[in-house]
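If you want the building blocks of each chain, they are given just below.
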Amino acid sequence: MIERKRSVAGYDPTNVRCPHCMTDVPSLLRAPDECPHCGRALKDSAGHRVRDLDQDFGTIRDQLHEQSLRRLKQGTIVCVVLSLANGFAPVVFAPLIFIQQVIWARPLISAPYARHFSTSRRIVTRWLSRFFVFSMASIHVGGAVPGVHFALVIASPIVFVLTCGTTWAYHRFHLQREHDREPVMFVEKVLLVVGALCALLALAGMILIGMAVGGAISMFSK
Ligand SMILES: [Zn+2]
């Protein structure tokens, strides 16, 4: 059962990975003190689980930094090209810029950091950055409006860099907190609840507008 889950999802929360020999160690209820494969300690003297971050934090942090910087530069070039193209065909390119920003800010720049996070930290950072990235990316949709699309030739790359830079800084901040074993902050949990409520309100608003438009159309067609 565990074998199957691991092969499907690529990640199994009932396993811990030995930071020494990189094999998965089943730990359904409680991780063992020593790795059954290489025999080295899975817990430190304080009883905390030994993680990749404890082994070589500086190298992991620097590698992630270089990778994200490279991806941010490449993404900015792509966004500039798409924004210039949006000056000619706004309806086609504005949604592409939206999608491009979401892909760069989350899977390409944030996700490599989140792989080192605990489950609760991963959930909170994922949803907070998701709310932020989608709100910011919706600015690019304005580029589909004729007239506004000229302004967004300049504005879209700036919004892109601000969004990706902010989510990157947020995940870098939490990599340090994960290493220091500092928990998710209270204000983040509050923001998460507020964000979820806003999303629900927006969804309810869209459904109401849809119903009103539908009603109006059926009234006029009679
Ligand atoms: Zn091991």
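Calculation notes
Residues numbered from 1 in each chain as written. Predicted model: local features only at pLDDT ≥ 70, side-chain atom pairs only at ≥ 80, totals over all residues. Helix = DSSP H or I, 4+ residues; strand = E, 2+ residues; numbered from the N terminus. Rg over C-alpha atoms; globule rule 2.2 N^0.38 Å. Contact = placed C-beta atoms within 7 Å. Domains from an automatic or database assignment. Axes fitted to C-alpha atoms, helices over the stretch in contact; angles between N-to-C directions. Parallel < 35°, antiparallel > 145°, perpendicular 65-115°, else oblique. Left-handed = near helix turned anticlockwise from the far one by under 90°. Nonpolar A, V, L, I, M, F, W, Y, C, P; charged D, E, K, R; others polar. Expected span 1.5 Å × (residues − 1). Bend = angle between axes of the 7 residues up to and from the residue. Core = buried A, V, L, I, M, F, W, Y, C linked by C-beta atoms within 7 Å. Buried ≥ 20, exposed ≤ 12 C-beta atoms within 10 Å, placed from the backbone. pLDDT = per-residue confidence, 0-100.

**Q** Let's hear about the overall build of the chain: which residues, and what values?
**A** When you go through the chain residue by residue, the secondary structure sums to six helices and two strands. Reading the secondary structure of the chain in the N-to-C direction produces α-β-β-α-α-α-α-α. Its C-alpha atoms give the chain a radius of gyration of 22 Å, clearly above 17 Å, the size a compact globule of 222 residues would have. Along the longest, intermediate and shortest principal axes, the C-alpha atoms of the chain span 75 × 45 × 35 Å. Long-range contacts, defined as pairs at least 24 residues apart, comprise 60% of the intrachain contacts of the chain with a sequence gap of at least 6.

**Q** Please set out the domain arrangement of the chain residue by residue, giving values where relevant.
**A** Each assigned domain of the chain is listed here: domain 1 (1–50) and domain 2 (57–184). Between the C-alpha centres of domain 1 and domain 2 there is a distance of 32 Å.

**Q** Lay out unusual backbone geometry with the relevant residues and their values.
**A** The backbone phi angle of M22 is positive, close to 65 degrees, even though this residue is not glycine. Within the secondary structure, M22 sits in the loop between β1 (15–17) and β2 (24–26). You will see that R181, though not glycine, has its phi angle at about 55 degrees, which is positive. Tracing the backbone through its elements, the reader meets R181 in the loop between α5 (148–179) and α6 (186–221).

**Q** If you had to explain the packing of helix α3 (residues 90–114) against helix α4 (residues 119–141) to someone new, which residues and values would you point to?
**A** Here α3 crosses α4 at 160 degrees, and the two axes come no closer than 9 Å. Here α4 runs roughly antiparallel to α3, going by the angle between their axes. In this structure, α3 crosses over α4, and the sense of that crossing is right-handed. Between α3 and α4, the contacting residues are A94, I97, F98, Q101, V102, A105, R106, S110 and A114 on the first element and R122, T125, R126, S129, R130, V133, F134, A137, H140 and V141 on the second. Its residues assigned to classes, the contact of α3 with α4 shows ten nonpolar, five polar and four charged.

**Q** Go over the environment of N86 with me, naming the residues and quoting the values.
**A** With respect to the helices, strands and loops of the structure, N86 is situated in helix α2 (residues 52–86). Setting aside anything within four residues of it in sequence, one finds N86 in contact with F93, A94, I97, G143, H149, L152 and V153.

**Q** Explain the packing of α4 against α6 to me, and be specific about the residues and the numbers.
**A** Put simply, α4 and α6 touch, their axes get as near as 10 Å, and they point 50 degrees apart. With respect to their mutual orientation, α4 and α6 come out oblique. The way α4 lies across α6 gives a crossing that is left-handed. When α4 is examined against α6, the residues V124, W127, L128 and F131 are found in contact with a partner set consisting of E188, K189, L191, L192 and G195.

**Q** Tell me what's going on with α3, and back it up with residues and numbers.
**A** Taking 1.5 Å of rise per residue, 25 residues should cover 36 Å, and α3 covers 34 Å from first to last C-alpha, within 8% of that figure. Roughly 30 degrees is the biggest bend found in α3, and it falls at W104, with proline P107 one to four residues downstream.

**Q** An account of the nonpolar core is requested, with residue identities and associated values reported.
**A** Core analysis: the largest hydrophobic core is formed by 15 residues, its most contacted members being I97, A105, I109 and C164. For this core, the secondary-structure elements that each account for two or more residues are α2, α3, α4 and α5. Those residues in contact with A105 that sit more than four places away from it in its chain are S110, V133, T163, C164 and T167.

**Q** A description of the confidence of the model for the chain should follow, citing residues and the corresponding values.
**A** Here the chain shows a mean pLDDT of 88. Residues at 70 or above account for 93%. The low-confidence segment residues 1–11 (pLDDT under 50) makes seven contacts with residues lying over four places distant or belonging to another chain.

**Q** Go over α4, please, and point to the residues and values.
**A** In this model α4 runs 33 Å from its N-terminal to its C-terminal C-alpha over 23 residues, within 8% of the 33 Å that 1.5 Å per residue would give. Residues of α4 that are buried: V124, T125, S129, V133, M136, A137 and H140. Of the surrounding secondary structure, the elements contacted by the buried residues of α4 are α3, α5 and α6.

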